[in-house]
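Next come the chains, spelled out residue by residue.
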Amino acid sequence: MQHPYHHTEYPRRRIAKQTNAISRLRLNTSQHVAYPPKLTEHPAHDTSNNLLEMGYHMESLTAVVLHPNLSPSFISLAMVVIGSIYVLWQNYISRDVGAKNIPSGPIGLPIVGSFPFLTHYPELTLDYWAKRYGPMYSLRLGNQLFIIVSDPIIAKDLMVTNGAVFSSRKEMFLKSQTIFAGRGITATPYNEKWRKHRRIASYWLNKTAVDSYTNVLDYEATVLVRDLYTYGKAGSDPINPQPHAGRCSLNNMLTIAFGIRTDSLDHPLVARALKLSREFMNCTGPVSNLTDFVPLLQHIPNFMTTRGKKLHADLVETYGGLIKEVEVKMKNGEDVPDCLVKTILQTQQEEELDFTDMAILCSAFMIGGVETTASIMQWFSALIPAYPDIQQRAHEELDRVVGRNRLPTVEDEKDLPYIRGIIKEVERCHNPFWLGTPHFGTEDFAYRGHLIPKNTVVVLNTYTMHHDPRRHPEPFAFKPERYINDSTLSSESANLSDAMERDHWMFGAGRRICPGMWVAEREVFLAISRMLWAFKMVEIPSEPIDLKEYDGLSGRSPVPFRIKMIPRHDKVDDVLGI
Ligand code: HEM
């Protein structure tokens, strides 16, 4: 069974691969066409809208049962058993939803619920259901009830206004209990442990702290652009910017957390840290792991549990190992730069932090802060070559405001509304976490005539919200100008009283909103504005970039691609010191 969108591509690319005359005509006009196809393009929607609703995996289940080598009596028996289980399940669920007035939604399959429909591009399935069941609907994964929120007003009502109820996390078996061992800000319930870890993290991530180490972000952004220039041989060789973006984000977090950095892509920590982040994303997607929702699986040795235990051990070994190095230096009286680890070692007794607490706190920085910002830089690099007109407008703004004798700085940001618009538009179109990190309700809650029972997981369906035509006309077009009059930082926009005015929902909402958003925004601005300042970024005609396919199950980044990054004026090498 394939996801309805499995074979779809960003149409600009798909059209480029076609050869007939009509396709070529469309190529010229397709700069702003919708990038996912309309739902009606897939035969599943032509034949039956009910398939997704009732579980179109019944189709593949039936296909297995109807295997040619099976006897007719076995097939009949199997069909009767499957049918009966399905009818019983359907009755059970509809009684549950009807009696308690829980918002309706897809019924799903017995035992696993809607899980099989969410294993690949879950955001597209959730979007399909949002159009069918409305802005707040329910589904089940195993024994867990979910509410899917696809509307800004409801998101604000639940997660911000009623943050006292909706700010916890479900203690997922794999993410919270196995990988993070009950620690970690991201995964802990809304309790004293979370408050302590969040307070310590915020000490290093708040706006004033970020001001104090902006020189680090500035330096790493320059290194990034210099490496892109050098590895791309001043625009003559194709280059994949992804590993360079990864190292830039990694170095920022290494400096903030441990006071160290890597000096080249070949440093062993680069591959190791990026692998750990990717493994974490792939193990812990909000809906990607059945072990979390079928308790029986937690007692049976299985592949995901083994993976989770190994990841926990690798995180403690890697980041715990770096903590020990800092500790040794401090004990030896060596000079250790101010950093998160120095702070937690100095306050360890007072804060009652054990070694695992510290290792997992640092892991949360390295996981939360690397793959995410790198992903935005990567999506930007993958898509901007398709928009020479947008690049030209950005170059004109940079020449006018910054000139060609220096790189853009943080102080320039307020005077570069078009660059800021490009960044916000990349974030709207390519949020690395379409489903964020789900919140968890700690009380029964009555809302708009419905009941959201205690212990419900609440998911922010940002894919649907970011493509809502009421808020973003022509939602599938890449149009930075839609943000041209938005002078807010995203971290400021998140506090707007009118939820419909918020730029996007990439950083989540309410009391669990991303505490790293100030450093993330600054880092991304410096990297992207400098790439635009230095290069004309062009695609390689024989290597079309497929923006619809992406790596990863939770944190999303583009599949590997190559482009040319051509220095756009003769001052570039001087300013970069090359
Ligand atoms: C583009 C970059 C980033 C994106 C898209 C992003 C996204 C998110 C999202 C969606 C959440 C969950 C919010 C919610 O529950 O409503 C989150 C939480 C978190 N983020 Fe980020 N993040 C980014 C950068 C960073 C950075 C640079 C750090 C630095 C350490 C960081 C650290 C964290 C932590 C510790 C949490 C857990 C907060 C909690 O549960 O209380 N993030 N992030």
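On a predicted model such as this, the values are computed, not experimentally measured, just so you know.

Bringing the overall build of the protein into the picture now. The helix and strand inventory of the protein stands at 26 helices and ten strands. Within the protein, buried positions represent 58% of all 578 residues. Pairs at least 24 residues apart make up 73% of the contacts formed inside the protein by residues separated by at least 6 positions. When the accessible surface of the protein is split by element, carbon and sulfur atoms take 56% of a total near 24,100 Å².

What follows covers the domain arrangement of the protein. Each assigned domain of the protein is listed with its residue range as follows: domain 1 (1–163 + 445–466) and domain 2 (168–433 + 470–578). Across the contact, 41 residues belong to domain 1 and 44 residues belong to domain 2. Of the roughly 3,800 Å² buried between domain 1 and domain 2, counting both surfaces, carbon and sulfur atoms make up 60%. Our enumeration of links across domain 1 and domain 2 arrives at two salt bridges. At the boundary of domain 1 with domain 2, the tally comes to ten residue pairs in polar contact (both at pLDDT 80 or more). Of all the secondary structure elements, the ones that give two or more residues to the side of domain 1 that touches domain 2 are helix H1 (11–17), helix H7 (122–133), strand S2 (144–149), helix H8 (152–161), strand S6 (457–460) and helix H23 (462–466). If you tally residues by element for the side of domain 1 that touches domain 2, the top one is H8, at six residues. Counted by class, the side of domain 1 that touches domain 2 contains 23 nonpolar, eleven polar and seven charged residues.

Unusually for a residue other than glycine, Arg 448 sits at a positive phi of about 50 degrees. Within the secondary structure, Arg 448 is located in the loop between strand S4 (445–447) and strand S5 (450–452). In this model, Glu 474 sits at a positive phi of 50 degrees, which is unusual for a non-glycine residue. Take Glu 474: it is sitting in the loop between H23 and helix H24 (490–493). Of the residues examined, Glu 474 reaches a relative accessible area of 46% and is grouped as partly exposed.

Next up on the list: the coordination of the iron atom of the ligand. Protein coordination of the iron atom of the ligand is limited to a single donor, Cys 514 (SG), positioned at 2.3 Å. Structurally, Cys 514 can be placed in the loop between H24 and helix H25 (517–534).

Not every one of the 27 residues close to the ligand is listed here, only the nearest: Arg 169, Trp 194, Arg 198, His 439 and Cys 514. The contact in question runs from an oxygen atom of the ligand to an N or O atom on the side chain of Trp 194, over 2.8 Å. Arg 198 is positioned such that a nitrogen or oxygen atom in its side chain is 2.8 Å from an oxygen atom of the ligand. Elements represented by at least two residues in the shell around the ligand include exactly helix H10 (192–205), helix H19 (355–368), helix H20 (371–383) and H25. A per-class count over the shell around the ligand returns 14 nonpolar, ten polar and three charged.

Next up on the list: H8. Of the residues making up H8, those classed as buried are Pro 152, Ile 154, Ala 155, Leu 158 and Met 159. In an axial view of H8, the angular spread of the buried residues amounts to 160 degrees, which keeps them on one side of the axis. Taking the backbone nitrogen of Ile 153 as reference, a side-chain oxygen 2.8 Å away marks Asp 151 as the first, capping residue of H8.

On to the UniProt feature "binding site: heme" (unreviewed entry) in the protein, then. Look at the UniProt record and you will see "binding site: heme" (unreviewed entry) annotated at Cys 514. When near neighbours in sequence (up to four residues on either side) are disregarded, Cys 514 contacts Arg 198 and Phe 507.

In this structure, Thr 305 sits in helix H16 (residues 303–331). Classification of Thr 305 by relative accessible area gives buried; the value is 8%.

The subject of this paragraph is the layout of surface pockets. Considered as a void within the structure, the second largest pocket measures approximately 290 Å³ in volume. Forming the boundary of the second largest pocket are 13 residues, of which Gln 242, Pro 243, Leu 274, Arg 278 and Gln 378 lie nearest the centre. Secondary structure elements with two or more residues in the lining of the second largest pocket: helix H13 (242–258), helix H14 (268–284), H20 and strand S9 (557–558). Considered class by class, the residues forming the lining of the second largest pocket number five nonpolar, five polar and three charged.

Time to look at the sheet that holds strand S3 (residues 439–440). Strand order in the open sheet made by the four strands is S1-S2-S6-S3, with mixed pairing throughout. The open sheet has two edge strands with one neighbour each: strand S1 (136–141) and S3. By the bridge criterion, four bridges tie S2 to S6 in an arrangement that is parallel. Bridged to Ile 147 within S6 is Val 458. Contacts between H7 and the sheet are confined to S1 and S2, with S1 contributing the most and set at about 130 degrees to the helix.

Ranked by size, the top nonpolar core spans 137 residues in total, and within it Tyr 213, Phe 258 and Ile 422 carry the most contacts. When residues of this core are assigned to their parent elements, the largest contribution, twelve residues, is made by H25. Counting residues domain by domain, this core receives three or more from each of domain 1 (1–163 + 445–466) and domain 2 (168–433 + 470–578). Sequence-distant contacts of Tyr 213, defined by excluding residues within four places in its chain, comprise Trp 204, Leu 205, Ile 256 and Val 519.

The next subject is the packing of H13 against H20. Running from N to C, H13 and H20 point in directions that differ by 145 degrees, and their axes come no closer than 8 Å. As H13 runs across H20, the sense of the crossing is right-handed. Residues Gln 242, Ala 245, Gly 246, Cys 248 and Ser 249 of H13 lie in contact with H20, whose contacting residues are Thr 373, Ala 374, Met 377 and Gln 378. Residue composition of the contact of H13 with H20, grouped by class: four nonpolar, five polar and no charged.

How each quantity is defined
Residues numbered from 1 in each chain as written. Predicted model: local features only at pLDDT ≥ 70, side-chain atom pairs only at ≥ 80, totals over all residues. Heavy atoms only, no water. Helix = DSSP H or I, 4+ residues; strand = E, 2+ residues; numbered from the N terminus. Buried < 20%, exposed > 50% of the residue type's maximum accessible area, 1.4 Å probe, protein only. Contact = heavy atoms within 4.5 Å. Areas by Shrake-Rupley, 256 points an atom, 1.4 Å probe, with all protein chains shown as cover. Domains from an automatic or database assignment. Buried area = accessible area lost by both parts, 1.4 Å probe. Salt bridge = Lys/Arg side-chain N within 4 Å of Asp/Glu carboxyl O. Polar contact = N/O pair within 3.5 Å; in protein donor to acceptor, adjacent residues only side chain to side chain. Nonpolar A, V, L, I, M, F, W, Y, C, P; charged D, E, K, R; others polar. Donors = N, O, S within 2.8 Å, 3.2 Å for Na, K, Ca; no water. Near = heavy atom within 4 Å. Arc of directions from axis to C-beta. UniProt positions renumbered as here; feature names shortened; annotations may be inferred. 1 Å grid on protein atoms, 1.4 Å probe; cavity = no way out; pocket = protein on both sides within 12 Å on 5 of 7 lines; lining within 4 Å. Points joined across faces, edges and corners; volume = space filled by probe spheres on them. Pairing = 2+ DSSP bridges. Axes fitted to C-alpha atoms, helices over the stretch in contact; angles between N-to-C directions. Core = buried A, V, L, I, M, F, W, Y, C linked by side-chain atoms within 4.5 Å. Left-handed = near helix turned anticlockwise from the far one by under 90°.

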